[in-house]
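Tertiary structure, described
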Amino acid sequence: MPEGRPQRSNKSRLALVALLTGLGAWLGVVCYSIATEDPPGAPSLTALAGRVEKAAAGRDADALQTLFDEDTVSDGYAAGFLGRLGEHPPPLRARVGHRGGHDFVLLRSARDDSLCTAWHVTERDGRRLLDGVPPAEDLCAR
């Protein structure tokens, strides 16, 4: 019998094939997830306001975070904002406004004036995003 490298058992080969197949499947799932991920923001002002309202109502910090221009807020901004609303915030309504040449989204209590927050809207790559920098003017004043 010629001397050479030792023969691998069938179990070893099967384990190697299973490992490579699993690695390939995992890589495929990761690539697909990246390729099909929704871009940040929304395609229109109305859609942006609707997504803000839905994320606030559902207390979905991840969904709200993706609506902000990433250069204007920290990674935990949305979670912190929703946390400050309290455990049982009032029902909230979002609407689009326009003042001084700027578009903004206003998130206000549907019941009264107990809560109001406004964000200017920016545009990047054809998508509308919230600007996390607080507006200088009082956009909540009626």
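Worth saying up front: this structure is predicted, and the values here are computed from it rather than measured.

Taken in spatial order, the 4 strands make up an open sheet running β1-β2-β3-β4, and their pairing is antiparallel. Strands with a single pairing partner mark the edges of an open sheet, and in this sheet they are β1 (92–99) and β4 (127–131). Taking the axes of each pair of neighbouring strands and ignoring which way they run, one obtains an average angle of 35° across the sheet. Relative to strand β2 (residues 102–109), β1 is paired through 8 bridges, and the arrangement is antiparallel. Within β2, the position partnered with Ala 94 by the bridge is Leu 107. Contacting β1, β2, β3 (116–124) and β4, helix α2 (residues 45–57) runs over the sheet at an angle of about 150° to β1.

Bringing the packing of aromatic side chains into the picture now. Tallied over the full model, the rule gives 3 aromatic pairs. Ring geometry for Phe 68 against Tyr 77: centres 5.0 Å apart, planes inclined by 75°, an arrangement best described as edge-to-face. In this structure Phe 68 comes out as buried when scored by relative accessible area, which is 3%. Each ring, one from Phe 68 and one from Trp 119, has its centre 5.4 Å from the other, and the planes form 85°; the classification is edge-to-face. In this pair, Phe 68 sits in the loop between α3 (61–65) and α4 (77–84) while Trp 119 sits in strand β3, placing the two residues 51 residues apart along the sequence. Comparing Phe 68 with Trp 119 shows no difference in burial state: the two are buried. Counting every residue linked through ring pairs, the aromatic cluster contains Phe 68, Tyr 77, Phe 81 and Trp 119.

To continue, consider the pattern of salt bridges. All told, the structure shown has 4 salt bridges when counted by the stated rule. For the salt bridge of Arg 124 with Asp 69, the shortest nitrogen-to-oxygen distance reads 3.2 Å. Of the two residues, Arg 124 is situated in strand β3 and Asp 69 in the loop between α3 and α4; the sequence distance between them amounts to 55 residues. Given the relative accessible area of 8%, Asp 69 is considered buried. One salt bridge in this structure joins Arg 128 and Glu 123, with 3.5 Å as the shortest N-O distance. Take Glu 123: its relative accessible area is 53%, and that puts it in the exposed class.

Taking 1.5 Å of rise per residue, the 13 residues of α2 would be expected to cover 18 Å, and the 18 Å separating its terminal C-alpha atoms lies within 8% of that figure. For α2, the full list of buried residues reads Leu 45, Leu 48, Ala 49, Val 52, Ala 55 and Ala 56. Across the axial projection of α2, the buried residues extend over an arc of 130°, all falling on one side. Across from the buried face of α2, at angles greater than 90 degrees, the exposed residues are Thr 46, Lys 54 and Ala 57. Where α2 is buried, its residues contact α3, α4, β1, β2, β3 and β4. Where α2 terminates, the next one or two residues include Arg 59, which has phi positive at roughly 50°.

Criteria and cut-off values
Residues numbered from 1 in each chain as written. Predicted model: local features only at pLDDT ≥ 70, side-chain atom pairs only at ≥ 80, totals over all residues. Heavy atoms only, no water. Pairing = 2+ DSSP bridges. Helix = DSSP H or I, 4+ residues; strand = E, 2+ residues; numbered from the N terminus. Axes fitted to C-alpha atoms, helices over the stretch in contact; angles between N-to-C directions. Contact = heavy atoms within 4.5 Å. Phe/Tyr/Trp six-rings, centres within 6.5 Å; stacked < 30°, edge-to-face > 60°. Buried < 20%, exposed > 50% of the residue type's maximum accessible area, 1.4 Å probe, protein only. Salt bridge = Lys/Arg side-chain N within 4 Å of Asp/Glu carboxyl O. Expected span 1.5 Å × (residues − 1). Arc of directions from axis to C-beta.

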